Amino acid sequence: MELIKRFQVNQKILECLQPNSCRLKSKAKILNSAVEDGTNKKYDEAAKKLYIVYELDKTDLEKLYYAASYAVNAQDYDTALAYYEELKSKNYSGEGMAYYAKNLLSEQEDYFGTTAEAKTERDNKVKLKVYSNPRDEKIPSKRGEIYKNIALILLQKDKTEQAKTALSDARKANPDDTSLIISEADLYLKLQDFATYKKLVSEVLEKDPNNPDLLFNLGVVSSKTDAASAETYYKKAIELKPDYVNAYLNLSILKLEGETKIVEEINKLGTSEKDNKRYEVLKKQREDIFKSALPYLEKANELDPKNEDVAATLLNVYGALEMTDKKKALKAKMGK
């Protein structure tokens, strides 16, 4: 069982967390080095340096959070557990608002940060007409991820009951944090306790039935063992939020997952008449899978044409379905 999915640290955002005060130059220097280590996949070194930065300023819990995430990437789970436990004891959530605006010189959207000072700076630059299209993006609570990772590490150590208790206690301390209920549901799904899993999912939906992000997260969790439920959740999320790119993408991935087994069976076929007939059946099934995924991929590409993963997957589907004209048109848009 995979313990924890590698945490994708956003290097650009991490760089923006650097302090500007002259008296904190040493802190900034260490942080610069940690960012470089992370970029070079030296996760162990990055985790240690970020923890040093945190020790220089114990109010800077965001650095501890990143240190824990890098420790996970380094597969140093004992260190990660210690860091996550510390975040838990401080009741860290990381919830907030991120501030963006379009740079009129580069035509690119820039990230300003998450503080009140960052918002003021962004707004002033918009007033000066150096930037346009200001955008605020809500940063969701990280408690669910933190407590889930604590539970997963405990599970790896065969401490199942402690893992359950960790999430149960977290929920008691943060009763309105639905991400914790989702994490607990995910835990019971991994333990194949489907009755408890469904009970927790129902509880989540009762709390906030019209939240597209919540439905999307339930889709992600359910996709591991219950593709039908996952598809239902993703489609409900799209009904509530028609421009939900990730929901369209995940739906297409869900559809395409069936292709692997078909290809494996095709590769085992021989050249007998029976095998040739079976090949034609499997070929049709494979085409049907691609056709079922196609509308979701095309919509995701329409909504986010700069998403390279979406475009690359769509190109492959066009190729498999021999849709030559559409493949050429998409390649042209991508500059290939």
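Chains are numbered independently. Their residues run from 1 in the order of the written sequence. Local features are withheld for residues below a pLDDT of 70 in this predicted model, meaning they are given only at 70 or higher, and side-chain atom pairs are given and counted only at 80 or more; totals for whole chains, interfaces and linings count all residues. Neither water nor hydrogens contribute to the side-chain values; these are computed over all heavy atoms in the structure.

Run through helix α15 (residues 273-303), naming residues and quoting values.
Strands here mean DSSP runs of E at least two residues long; helices mean DSSP runs of H or I at least four residues long; both are numbered from the N terminus. One fewer than the residue count of a helix, multiplied by 1.5 Å, yields its expected span. Taking 1.5 Å of rise per residue, the 31 residues of α15 would be expected to cover 45 Å, and the 46 Å separating its terminal C-alpha atoms lies within 8% of that figure. Of all the bends in α15, the greatest reaches close to 35° and is centred on L294; the proline P295 follows between one and four positions later. Partly exposed residues are those whose accessible area sits between 20% and 50% of the maximum for their type, while under 20% is buried and over 50% is exposed, using a 1.4 Å probe and protein chains only. Turning to α15, its buried residues are L282, I289, F290, A293, L294, Y296, L297, A300 and N301. Its buried side turned inward, α15 meets α12 (227-240), α13 (245-256), α14 (259-268), α16 (308-320) and α17 (324-334). We define the bend at any residue as the angle between the axes fitted to the seven residues before and including it, ending there, and the seven starting there. Whether two residues are in contact is decided by their heavy atoms: any pair within 4.5 Å suffices.

I'd like to hear about the packing of helix α3 (residues 43-56) against helix α4 (residues 61-73), residue by residue, with values.
Orientation is described by lines fitted to C-alpha atoms, with helices fitted over the stretch in contact, and by angles between N-to-C directions that extend from 0 to 180 degrees. Between α3 and α4, the least distance of the axes is 8 Å, while the angle of their chain directions is 160°. In this view, α3 runs roughly antiparallel relative to α4, as classed from their interaxial angle. The chirality of how α3 crosses α4 is left-handed. Across the interface between the two elements, Y43, A46, A47, L50, Y51, V53 and Y54 of α3 pack against L61, K63, L64, Y66, A67, Y70, A71 and N73 of α4. All amino acids are sorted into three groups, where Ala, Val, Leu, Ile, Met, Phe, Trp, Tyr, Cys and Pro are nonpolar, Asp, Glu, Lys and Arg are charged, and the leftover types, Gly among them, are polar. Of the residues assigned to the contact of α3 with α4, the class counts are 13 nonpolar, one polar and one charged. Any angle that is under 35 degrees is reported as roughly parallel, and any over 145 degrees as roughly antiparallel; angles of 65 to 115 degrees are reported as roughly perpendicular and all others as oblique. By convention, the crossing between two helices is left-handed when the near helix turns anticlockwise from the far helix through less than a right angle, and right-handed when the turn is clockwise.

Which residues make up the packing of aromatic side chains, and what are the values?
Aromatic pairs are defined between Phe, Tyr and Trp rings, using the six-membered ring for Trp, whenever the two ring centres lie within 6.5 Å; interplanar angles under 30 degrees are classed as stacked, those over 60 as edge-to-face, and all others as tilted. As enumerated under the stated definition, the model contains nine aromatic pairs in all. The interplanar angle of 70° and the centroid separation of 5.6 Å between the aromatic rings of Y65 and Y66 together place this pair among those described as edge-to-face. Side by side, Y65 and Y66 carry an identical accessibility label, which is buried. Members of the aromatic cluster, joined through ring pairs, are Y51, Y54 and Y83. Should the NZ of a Lys or the CZ of an Arg lie within 6 Å of a ring centre and within 35 degrees of the ring normal, that charge is described as sitting over the ring. A cation sits over an aromatic face here: R135 above Y100, 4.4 Å from the ring centre. Seen from the ring of Y244, K241 lies directly overhead, with NZ or CZ sitting 4.4 Å from the centre.

I'd like a rundown of the sheet that holds strand β2 (residues 109-113), residues and numbers included.
DSSP-based pairing: two strands are paired if at least 2 bridges between them are found. Across the sheet, which stays open at both edges, the three strands sit in the order β2-β1-β3 with antiparallel pairing between neighbours. With one partner strand each, in any of the chains shown, β2 and β3 (131-139) form the two edges of the open sheet. Taken over all neighbouring pairs, the strand axes of this sheet differ in orientation by 30° on average, direction set aside. With four bridges connecting them, strand β1 (residues 96-103) and β2 associate as antiparallel partners. The residue bridging Y100 from the neighbouring strand is Y111, located in β2. Relative to the sheet, helix α6 (residues 116-127) contacts β1, β2 and β3, its axis offset from that of β3 by approximately 155°.

Break down the side chain of D110 for me, with residues and values.
With respect to the secondary-structure elements, D110 resides in strand β2. What makes D110 buried here is its relative accessible area of 18%. Each polar contact in these results corresponds to two N or O atoms within 3.5 Å; when the atoms are within protein, one needs to be able to donate a hydrogen and the other to accept it, and residues that are neighboring in sequence are counted only if both atoms are side-chain atoms. Looking at D110, its side chain comes within polar contact range of the side chain of N103, at 3.2 Å.

I'd like a rundown of the pairing of β2, residues and numbers included.
Within β2, four of the five residues are buried, which leaves it mostly tucked inside the rest of the structure. As consecutive antiparallel partners, β1 and β2 are separated by five residues, and within that stretch E107 has a phi angle of approximately 65°, a positive value.

Lay out the packing of α12 against α13 in plain terms, naming residues and giving numbers.
The contact between α12 and α13 brings their axes to 9 Å, and the two run at 155°. By the angle between their directions, the pair α12 and α13 is classed as roughly antiparallel. Viewed along their axes, α12 and α13 form a crossing whose handedness is left-handed. Every residue of α13 that contacts α12 at A227, A230, E231, Y234, K235 and I238 is listed here: A247, Y248, N250, L251, L254 and K255. Its residues placed into classes, the contact of α12 with α13 shows eight nonpolar, one polar and three charged.

Please provide a residue-by-residue account of the nonpolar core, values included.
Judged by nonpolar contacts, the single largest core of 44 residues is most densely connected at Y197, L256, L297 and V317. Mapped by element, the contributors of at least two residues to this core are α9 (178-190), α10 (194-207), α11 (212-222), α12, α13, α14, α15 and α16. Element by element, the count of residues in this core is highest for α15, at eight residues. Not counting the four nearest positions on each side in its chain, V317 is found in contact with L256, F290, L294 and L297. Grouped together as the second largest cluster of nonpolar side chains are 40 residues, Y84, L87, L155 and L180 included. Think of a nonpolar core as a cluster: buried Ala, Val, Leu, Ile, Met, Phe, Trp, Tyr and Cys residues, connected wherever their side-chain atoms sit within 4.5 Å.

I'd like a description of α13, backed by residues and values.
The first and last C-alpha atoms of α13 sit 17 Å apart over twelve residues, in line with the 16 Å expected at 1.5 Å per residue. Across the twelve residues that make up α13, a large majority, nine, are buried. Within the sequence span of α13, burial applies to V245, A247, Y248, L249, N250, L251, S252, L254 and L256. Next to the buried residues of α13 lie α11, α12, α14, α15 and α16.

I'd like a description of the environment of E45, backed by residues and values.
As for its placement among the helices and strands, E45 is situated in helix α3. Sequence-wise, E45 and S33 are twelve residues apart; in three dimensions their C-alpha atoms are separated by 9.1 Å.

Just geometry here; none of it tells us what the structure is for.
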